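# Structure assessment
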Amino acid sequence: MRLEPAPTAGPAGHGLAADDLARLRTALTALGLSGPRPVLVLVGGASSIDPAVADALLGLFRQLAPLLDDLGITLVDGGTAFGVMAAIGQARHDQGARFPLLGVAASGTVSLADPPPRWTRVQSDVGASDTTAAAGARLDPHHSHLLLVPGDQWGDESPWIAAAATCLAAGRPSLTLVAAGGQITRLDVREGLDAGRPLLVLTGTGGTADQIADWYRHRIDVPDLALTEAQRPLIEIMDLAVAADRLPTRLARILAT
């Protein structure tokens, strides 16, 4: 199954209550980010990526960075200085790219010791936790924007990532790209698919990405991720070994309209 051009995600804010969605939109506006714009959501491994895979992903992202500029894409991810998030930040920095790179992180899981140039937090409900962990995970210094959302557990950010992408796309094409990953990646994948967002899976990267490919090809269940046949048309599989040749063309076809 191949993804068709010009896919759009489902109703804005899937997974968030109406009040949270309103606060999200206010925060995005405060960051100077608004739609409609094509959006790429990057999810995947934050640790335990094979070094050879990590090197290949960094090279691939360096290749993609100028294309993301040309297509006017905003990229949304988890914002920390690890795994695929660090790789896309490094690639953006190395190539001198200017596409908005928005990290969305639960405030209680990260440290603000080195925030990106532009950051804000989604205003919590009165009485809700709104702290930032002093000893939390490092943020990637090469992201251009950061959005702190309520929560103090890994995975609390997942519905906010999906909703931010849908709000920013505002009817323009959007896509989730997944490489490697573990349990949190499976949450991110589920949120994106539930929002109707197409998913492009880089196989050969390990973890969740390869597990999804096994489900797609061999009907092998993915732990903690209940995929359905109704979601199959949203999913495309691409091997990392051919991604340098094929992924730029696919991204241009999917996200340029």
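Rules of the game
- Residues numbered from 1 in each chain as written.
- Predicted model: local features only at pLDDT ≥ 70, side-chain atom pairs only at ≥ 80, totals over all residues.
- Heavy atoms only, no water.
- Phe/Tyr/Trp six-rings, centres within 6.5 Å; stacked < 30°, edge-to-face > 60°.
- Lys NZ or Arg CZ within 6 Å of the ring centre and 35° of its normal.
- Buried < 20%, exposed > 50% of the residue type's maximum accessible area, 1.4 Å probe, protein only.
- Helix = DSSP H or I, 4+ residues; strand = E, 2+ residues; numbered from the N terminus.
- Pairing = 2+ DSSP bridges.
- Core = buried A, V, L, I, M, F, W, Y, C linked by side-chain atoms within 4.5 Å.
- Expected span 1.5 Å × (residues − 1).
- Contact = heavy atoms within 4.5 Å.
- Polar contact = N/O pair within 3.5 Å; in protein donor to acceptor, adjacent residues only side chain to side chain.

### Comments concerning the packing of aromatic side chains
For the structure on display, the rule yields one aromatic pair. The ring of Phe99 has Arg92 lying over it, and the distance from NZ or CZ to the ring centre is 5.6 Å. A cation over a ring is seen here: Arg232 above Tyr216, with NZ or CZ 4.7 Å from the ring centre.

### Details of the pairing of strand 3 (residues 101-106)
Taking burial as the measure, the six residues of strand 3 include six buried ones, the bulk of the element. Judged by which residues are buried, strand 3 turns out to be covered on both faces: Leu101, Gly103 and Ala105 on one side and Leu102, Val104 and Ala106 on the other are all buried. Relative to strand 3, strand 2 (residues 74-77) is paired through three bridges, and the arrangement is parallel. Directly across from Leu75, in strand 3, lies its bridge partner Leu101.

### Let's talk about the nonpolar core
Leu24, Leu102, Leu147, Ile212 and Ile235 are the most contacted members of the largest nonpolar core, which totals 39 residues. Of all the elements, helix 4 (residues 158-169) adds the most residues to this core, at eight residues. Counting residues in each nonpolar core, the second largest holds 36 residues, with Val84, Leu247, Leu251 and Ile254 among its members.

### Here we look at helix 2 (residues 51-71)
For an α-helix the count is 3.6 residues per turn, leaving residues at separations of three or four pointing the same way. Counted at 1.5 Å a residue, the expected span for helix 2 with its 21 residues is 30 Å, and the 30 Å between its end C-alpha atoms agrees. Of all the positions in helix 2, only Val53, Leu57, Leu58, Leu60, Phe61, Leu64, Ala65, Leu67, Leu68 and Leu71 are classed as buried. Looking at the packing, one finds that the buried side of helix 2 touches strand 1 (39-44), strand 2, helix 3 (83-95), strand 6 (174-179), strand 7 (199-203) and helix 7 (240-255). Sitting at the head of helix 2, Asp50 places a side-chain oxygen 2.9 Å from the backbone nitrogen of Ala52. Just downstream of helix 2, Gly72 is the residue with a positive phi angle, here 70°.

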